[in-house]
Each structure stands twice: as C-alpha cells, then as structure tokens.
Amino acid sequence: MSTYYYSHLEEYVRIFYEKLNILQPIDINMLQIAKELHIQIFYWPNPSQSLYFSQSGYIFLNNQLSSQRHWQDFCHELCHVLFHRGDQMNLPSLFREYQEYKANNFSLHTAIPTFMLEQIKLPNDFYQAVLIIQDTFNVEGDFAKKRLEGYLMKYFDISNTYLKSYN
C-alpha cells in the first residue's frame, strides 16, 4: 500500500465541507449546502442543469429522479455554479466536454468525499464495500462503484485491469 496524498480537488472538498461544518456523512444535506451558498434549487420536468445569473446560482433538478440522483446531479451542477460561468452552448464543443468531465469528477468527490471515505471501515469484498458507500452517502450503486474504483486505484496504486475483474 502506498501513501495517500490528497489531490487538489480532494483537499478543496475537505476544506469546503469543514467551512460548512460538514464533518461526517450524516452531516451532508443538499438543501443546507445550497442555503449556505445562497443557491436556489428548483425541481422541474426537464434534465438537471444550473444557471449562474446576476451574482446568484440556481440549480434545476429533474423532479422525476430519485433522491440519490438528485444528490448526484446537485453535486455535478454545483461545480458549474462554483467554477463555470457563461452559457455552455456558446462554448467550443471540446471545452464544453472538458467542463462536463470536470463536473463529473467534482460530483464523485463532493458526493463521496475522500476524507469521509477514509473514516469508513470497508470490507474486503468489493461489492459489499460498494453497498456500504451507496447507503452511507445516499448515491446510486454505479456511482458508488465508480467512486470506489477511483479511490482504490489511487490509494493502492493498482491498475484498472485488477478492478475490471469485478465487472
């Protein structure tokens, strides 16, 4: 096992949550986070998206989705509100793809923060660990699996080939 060094994103998320006094999974509350950041949340029948307008952030969540998906989409859209300004439709397609990649990565780390993941005693069985993460952080199974794979690859410095044996 190698020493685990936090990435800039992992450190950002840790500091972000500590400033909001969110120190363990039970403290995570999407509505409280939005309130603290002065972001308004709306539920509507369209795909989830965000808008930053006139110094204010707005997140629109699809009202047909599960609470797990609301949380995941909120984390994705939060990245856009915090870091991406302007209309994505006016951006070159590669830059738009880059922003989506960043928002997807941000959502994995914000929904399941490394500093909290480290506090959980996970079983050696990969699938049991995924179920615990899914339940602890209120996320979907595939989302929990993807986050655990990334965490294990970094923490144990293992190749993606090893994890593919679990698929």
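What counts as what
- Residues numbered from 1 in each chain as written.
- Predicted model: local features only at pLDDT ≥ 70, side-chain atom pairs only at ≥ 80, totals over all residues.
- Heavy atoms only, no water.
- Helix = DSSP H or I, 4+ residues; strand = E, 2+ residues; numbered from the N terminus.
- Expected span 1.5 Å × (residues − 1).
- Buried < 20%, exposed > 50% of the residue type's maximum accessible area, 1.4 Å probe, protein only.
- pLDDT = per-residue confidence, 0-100.
- Salt bridge = Lys/Arg side-chain N within 4 Å of Asp/Glu carboxyl O.

1. Considerations on helix 3 (residues 67-83)
(1) Moving on: Here helix 3 is 17 residues long and its end C-alpha atoms lie 24 Å apart, about the 24 Å a rise of 1.5 Å per residue gives.
(2) Moving on: Most of helix 3 sits inside the fold, with 12 of its 17 residues counted as buried.
(3) Moving on: If you check which residues of helix 3 are buried, you get H70, W71, Q72, D73, F74, C75, H76, E77, L78, C79, H80 and V81.

2. A short note on the confidence of the model for the protein
(1) Moving on: Averaged over every residue, the pLDDT of the protein is 89; residues scoring 70 or more account for 86%.
(2) Moving on: Here helix 8 (residues 160-164) is the element of the protein with the lowest mean pLDDT, 52, and helix 6 (residues 126-137) is the one with the highest, 98.

3. Quick word on the pattern of salt bridges
(1) Moving on: Applying the stated rule across the entire model yields five salt bridges.
(2) Moving on: Among the ionic pairs, K154 bridges to E10, the shortest N-O distance being 2.6 Å. Placement of the pair is K154 in helix 7 (residues 141-155) and E10 in helix 1 (residues 8-19), with a sequence separation of 144 residues.
(3) Moving on: Relative accessible area serves as the criterion here: at 32%, K154 is assigned to the partly exposed category.
(4) Moving on: A residue is classified by how much of its surface remains accessible, and E10, at 4% relative accessible area, is buried.
(5) Moving on: With its nearest N and O atoms 2.8 Å apart, the salt bridge here joins D73 to R69.

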